[in-house]
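What follows is the residue order along each chain.
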Amino acid sequence: MITVSNVSVQFGKRVLFNDVNLKFTSGNCYGIIGANGAGKSTFLRTISGDLDPTTGSIMLGPGERLSVLSQDHFKWDAYTVMDTVMMGHTVLWDIMKQREELYAKEDFTDEDGLKVSELEEKFAELDGWNAESDAAALLSGLGIREDKHYVLMGELNNKEKVRVMLAQALYGNPDNLLLDEPTNDLDMETVTWLEDYLANFEHTVLVVSHDRHFLDSVCTHTVDIDYGKINLFAGNYSFWYESSQLALRQQQNQKAKAEEKKKELEEFIRRFSANVAKSKQTTSRKKMLEKLNVEEIKPSSRKYPGIIFTPEREPGNQILEVSGLTKTLEDGTVLFRDVNFNVEKGDKIVFLSHDPRAMTALFEIINENMKPDSGTFNWGVTITTAYLPLDNTSFFNTDLNLVDWLSQFGEGNEVYMKSFLGRMLFSGEEVLKKASVLSGGEKMRCMIARMQLRNANCLILDTPTNHLDLRATEWLEAYLLHFRGTVLVISHDRFFLDRVVQRSIDFTSGQAEFYSGNYSFYVVERQRRFDEQLKKYEKDQAKLQQLTEAAAKLHLWAFMGNDKLHKRAFSIEKRMEKLETTARPTEAR
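Everything quoted here is computed from the prediction, not taken from an experiment.

(A) Here's a closer look at the overall build of the chain. Of regular secondary structure, the chain possesses 19 helices and 18 strands. Expressed as a percentage of the 589 residues in the chain, the buried residues total 49%. Long-range pairs, those at least 24 residues apart, make up 69% of the contacts in the chain between residues at least 6 apart in sequence. If you sum the accessible surface of the chain, you get close to 29,700 Å²; carbon and sulfur atoms cover 49% of it.

Below you can see the structure in the form of structure tokens.
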């Protein structure tokens, strides 16, 4: 349990939030939402003790342990992966280190013996004998192979480090768990594993995330930070969003009677409460709704960016033709081999792979920022593209202010550039900020403004929802849904993909596999194809067993005097060779 009493956080004259009084109880998961810069991460840092509040206090339940998802991916480079995870339980780790030191002493005293006895008792109470196996289970669940469990953290890539940090936070079943963007850099299978883990987690969880599907899957409550206030609502993100939209419509409809509005809200709450997948959410929401005053549901006062792409030219029928593309990394890893596909007019396609480097490499190649090992690609003569790269760091290594920065990418006077910045919520003195000091969310908004200057009819988006708050993401997907051109996208946002795309190209096997439909269809169809392949494989293996037995009998009978049976046995063994080379289908992580 976490109790927040009269907490305020202020930086200079800027008040992030004021007079916050909340209690977060065991068995619930609280999703923290708000616009970029509203103070979501700051709120978690305040609870963790990393940042002192300006006023107020934060208390944990008696004897409870708090675990936090670390954002420092280099702090643990000198430790093994296994040790890094176990260090997440600081009490158990300290006991383990003290035991090791005492057992390593050459002059072991009676006093040391008593100390060891105490430590062994505590060690057993904390289930220390299963410490490594528990850590290994978490690592495997999060996609870290066993052969990497004892390598140094410094040998892992950044995406692997993210998974180890998450395992560290989850380790030891903490009483209170703080997770800031836990799904970043996770593939969708690992996100699903995390959703299942947290859905069965019995203690208190506070999580900041831009992944709406994740928030809806794990959260029993929503904590909304909006213009200096922090409000707690029963229900997941979708419940909060739909209820706030209903409240906004009612606010705008001044003629409606108060009693009519109350009935409308109560009916909405009844409908939404009945439509909950997880029993944990249902129970929590039922309790909260019994106490809920419908007047407490308020429309959001946030402002959202105007993301508007206006193609200057109608695209022709030929968009993009890719033929025989192959790309291999310096370490020999094959990202994709002999990839062939065509993009047709009006296509909105998501590119998928268990290795995100493959998808990003493809986008870099078709934007001429990277060379393939072999193969070609050709854009149609009517096509103009606008590209949102995954890594935008190089764009902001400059002391230019935002007006001058944006002017590099299009023609127009200062007023024209300010209009595009204004769409992306930069106004007044903000347009004179240096590009080098922007936050991740501000950089993303600048990159989208840069794209809008292109007036392109083909948008190429590598993880566009990174650093956008939830409502900005909804604005983007609503616009892309009606965009008249072509959209090629990489994303792990399942809500976004279900709304925007109508084709999927999967690179997991190293070659292109095609699926019609949105992401949900892709998941179902991929599983169907896998089940079909597995069924065929098992049928072939049964056939192989029958042929093996038949060939053995024929050879035996041939040795008993009928040489012609050898030929029949050899013929059967030829058929067996084809079946023996068939590999069991796998769903690689």
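(B) Expanded view of the nonpolar core. Core analysis: the largest hydrophobic core is formed by 49 residues, its most contacted members being Val 164 and Leu 179. Of the residues forming this core, the biggest block, six residues, is contributed by helix α6 (residues 158–170). For Val 164, the residues in contact, after removing those within four places along its chain, are Val 81, Thr 84, Val 85, Leu 139, Ile 144, Met 153 and Leu 156. Core analysis: the second largest hydrophobic core is formed by 44 residues, Phe 309, Leu 438, Ala 456 and Val 489 among them.

(C) The sheet that holds strand β3 (residues 29–34), seen in detail. Spatial strand order, β5-β6-β7-β3-β8-β9: six strands in an open sheet with mixed pairing. The two strands at the open ends of the sheet, each matched to only one other strand, are β5 (66–68) and β9 (229–234). Mean inter-strand twist for the sheet, computed between neighbouring axes without regard to direction, equals 20 degrees. In this sheet, β9 lies alongside strand β8 (residues 221–226) in antiparallel orientation, the contact comprising six bridges. Residue pairing in the sheet places Asp 224 in a bridge with Asn 231 of β9. The sheet contacts of helix α1 (residues 40–48) involve β3, β5, β6 (176–180), β7 (204–208), β8 and β9, and relative to β6 the element is tilted by about 150 degrees.

(D) Up close: the pairing of strand β2 (residues 14–24). Strand direction decides the pairing type here: strand β1 (residues 2–11) and β2, joined by seven bridges, are antiparallel. Its bridge partner lying in β2, Val 4 is registered against Leu 22.

(E) Main features of empty space enclosed by the protein. Within this structure, the stated rule accounts for three cavities of 30 Å³ or more. Roughly 110 Å³ of volume is contained in the largest cavity. Residue assignment for the lining of the largest cavity shows that the elements contributing at least two residues are α7 (188–199) and α18 (519–559). For the lining of the largest cavity, the element with the highest residue contribution is α18, accounting for three residues. For the lining of the largest cavity, the residue count by class is five nonpolar, four polar and four charged.

(F) Region of interest: the pattern of salt bridges. Taken as a whole and judged by the stated rule, the model has 23 salt bridges. Here Arg 212 makes a salt bridge to Asp 493, at a shortest N to O gap of 3.2 Å. Here Asp 493 lies in the loop between β16 (486–490) and α17 (494–500) and Arg 212 lies in helix α8 (residues 212–218), a separation of 281 residues in the sequence. One salt bridge in this structure joins Asp 347 and Arg 503, with 2.7 Å as the shortest N-O distance. Of this pair, Asp 347 sits in the loop between β11 (334–344) and β12 (348–352) while Arg 503 sits in strand β17 (residues 503–506), and the two are 156 residues apart along the sequence. A single burial state applies to Asp 347 and to Arg 503, both of which are buried. Via salt bridges that share partners, Arg 212, Glu 474, Glu 477, Asp 493 and Arg 499 belong to a single interconnected network.

(G) Seen up close, the environment of Leu 565. Among the structural elements, Leu 565 can be located in helix α19 (residues 564–580). According to the relative accessible area criterion, Leu 565 is buried, its value standing at 11%. Sequence separation of Leu 565 and Ala 551 is 14 residues, and the distance between their C-alpha atoms is 9.2 Å. For Leu 565, the residues in contact, after removing those within four places along its chain, are Leu 554, Trp 557 and Ala 558.

(H) Spatial organisation of the packing of helix α3 (residues 90–103) against helix α4 (residues 110–125). Packing of α3 against α4 brings their axes to within 10 Å, and their N-to-C directions diverge by 150 degrees. With respect to α4, the axis of α3 lies roughly antiparallel. For α3 against α4, the interelement crossing comes out left-handed. Contacts between α3 and α4 involve Leu 92, Ile 95, Met 96, Gln 98, Arg 99, Leu 102 and Tyr 103 from the first element and Asp 112, Lys 115, Val 116, Leu 119, Glu 120, Lys 122 and Phe 123 from the second.

(I) Looking closely at helix α12 (residues 356–366). Taking burial as the measure, the 11 residues of α12 include nine buried ones, the bulk of the element. All of the buried residues along α12 are Ala 358, Met 359, Thr 360, Ala 361, Leu 362, Phe 363, Glu 364, Ile 365 and Ile 366. Looking one or two residues past α12, Glu 368 carries a phi angle of roughly 65 degrees, positive in sign.

(J) Fine view of helix α5 (residues 131–141). For α5, the complete set of buried residues consists of Ala 131, Ala 135, Leu 138, Leu 139 and Gly 141. When α5 is viewed along its axis, its buried side chains cluster within an angular range of 165 degrees and face the same direction. Directly beyond the C-terminal end of α5, a positive phi value near 90 degrees is found at Gly 143.

(K) Expanded view of the side chain of Ser 491. Summarising the element assignment, Ser 491 is placed in the loop between β16 and α17. Within polar-contact distance, the side chain of Ser 491 engages the backbone nitrogen of Asp 493 at 3.0 Å. With residues near it in sequence (within four places) discarded, Ser 491 still touches Met 188, Val 350, Thr 465, Phe 496 and Leu 497.

The rules behind these values
- Residues numbered from 1 in each chain as written.
- Predicted model: local features only at pLDDT ≥ 70, side-chain atom pairs only at ≥ 80, totals over all residues.
- Heavy atoms only, no water.
- Helix = DSSP H or I, 4+ residues; strand = E, 2+ residues; numbered from the N terminus.
- Buried < 20%, exposed > 50% of the residue type's maximum accessible area, 1.4 Å probe, protein only.
- Contact = heavy atoms within 4.5 Å.
- Areas by Shrake-Rupley, 256 points an atom, 1.4 Å probe, with all protein chains shown as cover.
- Core = buried A, V, L, I, M, F, W, Y, C linked by side-chain atoms within 4.5 Å.
- Pairing = 2+ DSSP bridges.
- Axes fitted to C-alpha atoms, helices over the stretch in contact; angles between N-to-C directions.
- 1 Å grid on protein atoms, 1.4 Å probe; cavity = no way out; pocket = protein on both sides within 12 Å on 5 of 7 lines; lining within 4 Å.
- Points joined across faces, edges and corners; volume = space filled by probe spheres on them.
- Nonpolar A, V, L, I, M, F, W, Y, C, P; charged D, E, K, R; others polar.
- Salt bridge = Lys/Arg side-chain N within 4 Å of Asp/Glu carboxyl O.
- Parallel < 35°, antiparallel > 145°, perpendicular 65-115°, else oblique.
- Left-handed = near helix turned anticlockwise from the far one by under 90°.
- Arc of directions from axis to C-beta.
- Polar contact = N/O pair within 3.5 Å; in protein donor to acceptor, adjacent residues only side chain to side chain.

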